[in-house]
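Each chain, letter by letter, is given below.
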Amino acid sequence: MTAADQVARDHVAERYERFALVEAPGRSALYAEWASGVATDASACDVIGRLPADRRQPPLVFALARLRGAPEGGGYAAFADWLVQHGDELVADASVRSLQTNEPQRCAVLLPALAAIEGPIALIELGASAGLCLLLDRYSYRYGGAGSVALDPADGPSTVVLSCELRGDRVSEMRVPELRMPDIVWRAGLDLRPLDSSAPDDRRFATALVWPGETGRAARIDAALDLAAAERLRIDAGDATDPEALRLLVDASPSEATVVVSTPGLLPHVPRAGRERLFDALAELRGEGAHWVSLDPPALHQRWTTPVDASGWPGFVLSHDERVLAAADPLGAWLEWRAS
């Protein structure tokens, strides 16, 4: 074994142990079992270590394995046997697939930010995947908990209904009764590898990224894919941190519309240099009247106008033009308003 192979094996073991202990519990017992097994299995680590370093994430590897028919019964031993036998196929699949969490439920926490922006809006999502978070005004919403409100599209209830719990003692400052559908008149996305919502293989991949045990999520994504296919969304293939690629979309938007760029869950997957390049491009656009709505981990950066204590912050940070609005579940299940 070369030194590079040993480094890859150790990296995989550490990553999968952390996933098994911190990320999978409470979401997927199967993924916790598989990851725990990989962490102590040199043969499995070596197979995964053959993948590019940015394609070794447990949710991606496990999704690709399940698409290929990896057994979900029989315990870790059955999965390990399959992994060793089908390593070449997994490596090939990982060369054309990357982790793309396209969760429409996130729209439930993005909507309060967009509702405060006067329309008409030209919405641009970076890291759009199949574009499911571009369809905010095509979904129905049911907010409960500390506040209560129901929203439906203008033409009636949607086939995708998103329930979100409102938490905390500042919900009244959120002006819950004033929540409304954003006036989106144009929408487009940018992604390194866009998913085609009408292509069977891309649809299967999108739903395979749902973790086993997450009840209702696959059905929700499938219904949202139907809406996206009917919408014929424009999703350009390109680097979200490339100012020229972003500028092409901005220039294509209607001149009378306010440009809103959204980056829900994108930035953790972007290297630091790319993030800084994107921040500069967004600052330039904001100088021209555009807006930026984002959903980021609290420790990712400190560009917010209000300091965020990452050690005590629940969930992700919802922000509008770098102003902190709320703490939010990363996938949109709850929202805790923080802005005054």
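The sections below set out a description of the structure shown in this document. (Residues numbered from 1 in each chain as written. Predicted model: local features only at pLDDT ≥ 70, side-chain atom pairs only at ≥ 80, totals over all residues. Heavy atoms only, no water.)

A word on the overall build of the chain
Moving on, step 1. Assigned secondary structure in the chain consists of 11 helices and 11 strands.
Moving on, step 2. In terms of overall dimensions, the chain has C-alpha extents of about 60 × 40 × 40 Å along its principal axes.
Moving on, step 3. Per-residue burial over the chain gives 55% buried out of 340 residues.
Moving on, step 4. Considering only contacts within the chain whose residues lie at least 6 apart along the sequence, 71% involve residues at least 24 apart.
Moving on, step 5. For the chain, the accessible area works out to roughly 14500 Å², and carbon and sulfur atoms hold 50% of it. (Helix = DSSP H or I, 4+ residues; strand = E, 2+ residues; numbered from the N terminus. Buried < 20%, exposed > 50% of the residue type's maximum accessible area, 1.4 Å probe, protein only. Contact = heavy atoms within 4.5 Å. Areas by Shrake-Rupley, 256 points an atom, 1.4 Å probe, with all protein chains shown as cover.)

Some thoughts on the pattern of salt bridges
Moving on, step 1. Tallying each qualifying case throughout the model produces 30 salt bridges.
Moving on, step 2. A salt bridge links R167 to E165, with the shortest nitrogen-to-oxygen separation between them at 3.3 Å.
Moving on, step 3. Looking at E165, the relative accessible area reads 36%, which means it is partly exposed.
Moving on, step 4. A salt bridge links R247 to E284, with the nearest nitrogen and oxygen atoms 3.6 Å apart. With R247 in helix 10 (residues 243-252) and E284 in helix 11 (residues 272-287), the pair connects residues that are 37 residues apart, well separated along the chain.
Moving on, step 5. Judged by its relative accessible area of 24%, R247 falls in the partly exposed class.
Moving on, step 6. With relative accessibility at 49%, the residue E284 sits in the partly exposed group.
Moving on, step 7. Within the structure, one salt-bridge network assembled from shared partners comprises R27, E103, E214, R217 and R220. (Salt bridge = Lys/Arg side-chain N within 4 Å of Asp/Glu carboxyl O.)

Overview of helix 3 (residues 42-49)
Moving on, step 1. Taken together, the buried positions of helix 3 are A44, C45, V47, I48 and G49.
Moving on, step 2. Where the residues of helix 3 are buried, they touch helix 1 (3-23), helix 2 (29-39), helix 4 (58-67), helix 5 (75-85) and helix 6 (87-94).
Moving on, step 3. Of the residues flanking the start of helix 3, the one acting as N-cap is D41, its side-chain oxygen 3.1 Å from the backbone nitrogen of S43. (Polar contact = N/O pair within 3.5 Å; in protein donor to acceptor, adjacent residues only side chain to side chain.)

Digging into the sheet that holds strand 4 (residues 161-167)
Moving on, step 1. Strand order in the open sheet made by the 11 strands is 3-2-4-11-10-9-8-7-1-5-6, with mixed pairing throughout. Looking at which strands have only one partner, the edges of the open sheet turn out to be strand 3 (149-151) and strand 6 (234-237). Looking at each pair of strands side by side, their axes are set apart by 25 degrees on average, direction ignored.
Moving on, step 2. Across four bridges, strand 5 (residues 184-191) lies against strand 6 in parallel orientation. The partner of A188 across the bridge, within strand 6, is R234.
Moving on, step 3. Seen against the sheet, helix 10 touches strand 1 (121-126), strand 5, strand 6 and strand 7 (258-264) and runs at an angle of roughly 165 degrees to strand 5. (Pairing = 2+ DSSP bridges. Axes fitted to C-alpha atoms, helices over the stretch in contact; angles between N-to-C directions.)

Concerning helix 5
Moving on, step 1. Listed in full, the buried residues belonging to helix 5 are Y76, F79, A80, W82 and L83. One side of helix 5 carries all its buried residues, which in axial view fall inside an arc of 165 degrees. For helix 5, the exposed residues lying more than 90 degrees away from the buried face are A77 and Q85.
Moving on, step 2. Structurally, helix 5 contributes buried residues whose contacts are with helix 2, helix 3, helix 4 and helix 6. (Arc of directions from axis to C-beta.)

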